[in-house]
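Residue strings, one per chain:
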Amino acid sequence: MRYYIASDHAGFGLKNRLKLGLGREYGFTDLGVFVAERIDYPDIAIKLAKRVAKEPESIGTLICGTGIGMSIVANKVPGARAAVIYDGFTAKMARQHNNANIACLGARNISEQMALLLVRTFLSTTFLGKGKPGERHLQRVRKIGKIEEQHFK
Ligand code: RB5
């Protein structure tokens, strides 16, 4: 499993703190930014989403001011399933039910402690669709793939 992380300028400080707090466990590959200069979030989100979509055994974390811009962009990439997570429940459900492979966080609306908890939860939770009782989740995620095939040409 490979773990990617990236942010725009608004998420730069939190990205560094997440790397400090969780880097030992998850050994993130940092796709930038590397300085706190203003940058457009689409340029960052697309880079990470393409990597995650290409590598099925990978998970990404994207941080901007709210997490919203990053998720909008990331979800334009077929195979990327990005979710804005903001509490323990959404961090868990995004993986268990939606098989989300990218967590999007807002550096301006959650604390560092909360961000650490959310990312740790997201990265350590697995999709329920791999086992018999969770078949319905797999079926739903497969439908997302079909929608991508039909609409992203
Ligand atoms: C940057 O000011 C901010 O708009 C961006 O980080 C993000 O919140 C967009 O969704």
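This text goes with the structure placed above it.
Since the model is a prediction, treat every value here as computed from it, not as a measurement. Think of each chain on its own: its residues are numbered from 1, step by step along the sequence as written. Only residues with pLDDT of 70 or above have their local features reported here, since the model is predicted, and side-chain atom pairs are shown and tallied only from 80 upward, although totals for entire chains, interfaces and linings are computed over all residues. By convention in this description, side-chain values take in all heavy atoms of the structure and omit both hydrogens and water.

A. Region of the structure containing the site of the ligand. Nearness is defined per residue: one heavy atom within 4 Å of the molecule or strand is enough. For the ligand, the full set of nearby residues is Asp8, His9, Ala10, Tyr41, Cys64, Gly65, Thr66, Gly69 and Arg108. We define a polar contact as two N or O atoms separated by no more than 3.5 Å, with the added condition that, inside protein, one atom must be a possible hydrogen donor and the other a possible acceptor, whereas residues neighbouring each other in sequence contribute only through side-chain atom pairs. Residue Gly65 places a main-chain N or O atom 2.8 Å away from an oxygen atom belonging to the ligand. Arg108 places a side-chain nitrogen or oxygen 3.1 Å from an oxygen atom of the ligand. The method behind every accessible area is Shrake-Rupley, applied with a 1.4 Å probe, and residues are considered shielded solely by the protein chains displayed. A total of 290 Å² of accessible area belongs to the ligand in isolation, and the protein chains cover 72% of it. Under the scheme applied here, ten amino acids are nonpolar (Ala, Val, Leu, Ile, Met, Phe, Trp, Tyr, Cys and Pro), four are charged (Asp, Glu, Lys and Arg), and all others, including Gly, are polar. A per-class count over the shell around the ligand returns 3 nonpolar, 4 polar and 2 charged.

B. Quick peek at helix 1 (residues 12-26). A run of H or I in DSSP counts as a helix once it spans at least four residues, and a run of E counts as a strand once it spans at least two, with each numbered from the N terminus. In a helix, the anticipated span is given by 1.5 Å times the number of residues less one. The end-to-end C-alpha distance of helix 1 is 18 Å, clearly below the 21 Å that 15 residues give at a rise of 1.5 Å each. To get the bend at a given residue, fit one axis to the seven residues ending there, fit another to the seven starting there, and take the angle between those axes. Along helix 1, the sharpest change in direction is near 45° and occurs at Leu20. Each residue is placed in one exposure class: buried if its accessible area under a 1.4 Å probe, protein chains only, is under 20% of its type's maximum, exposed if it is over 50%, and partly exposed if it falls in between. Of the residues making up helix 1, those classed as buried are Phe12, Leu14, Lys15, Leu18, Leu22, Gly23 and Tyr26. Residues are treated as being in contact if the distance between any of their heavy atoms lies within 4.5 Å. If you follow the buried residues of helix 1, they end up packed against strand 1 (2-7), strand 2 (29-30), strand 3 (58-64) and helix 5 (112-124). Following helix 1 by one or two positions, Gly27 adopts a phi angle in the positive range, close to 45°.

C. Quick peek at the side chain of Ser58. Looking at the secondary structure, you find Ser58 in strand 3. A distance of 2.6 Å separates a polar atom in the side chain of Ser58 from the backbone oxygen of Glu55. Leave out the neighbours within four places in its chain, and Ser58 touches Met1, Arg2, Tyr4, Arg51, Val52 and Asn101.

D. Spatial organisation of the pattern of salt bridges. Definition used for salt bridges: Asp or Glu carboxyl oxygen within 4 Å of a side-chain nitrogen of Lys or Arg. Tallying each qualifying case throughout the model produces 6 salt bridges. In this structure, Arg17 engages Glu112 in a salt bridge whose closest nitrogen and oxygen atoms are separated by 3.0 Å. Of this pair, Arg17 sits in helix 1 while Glu112 sits in helix 5; the two residues are 95 residues apart in sequence, bridging distant segments of the chain. You can call Arg17 partly exposed: its relative accessible area is 37%. Two residues, Lys19 and Asp30, come together in a salt bridge whose shortest N-O distance is 2.7 Å.

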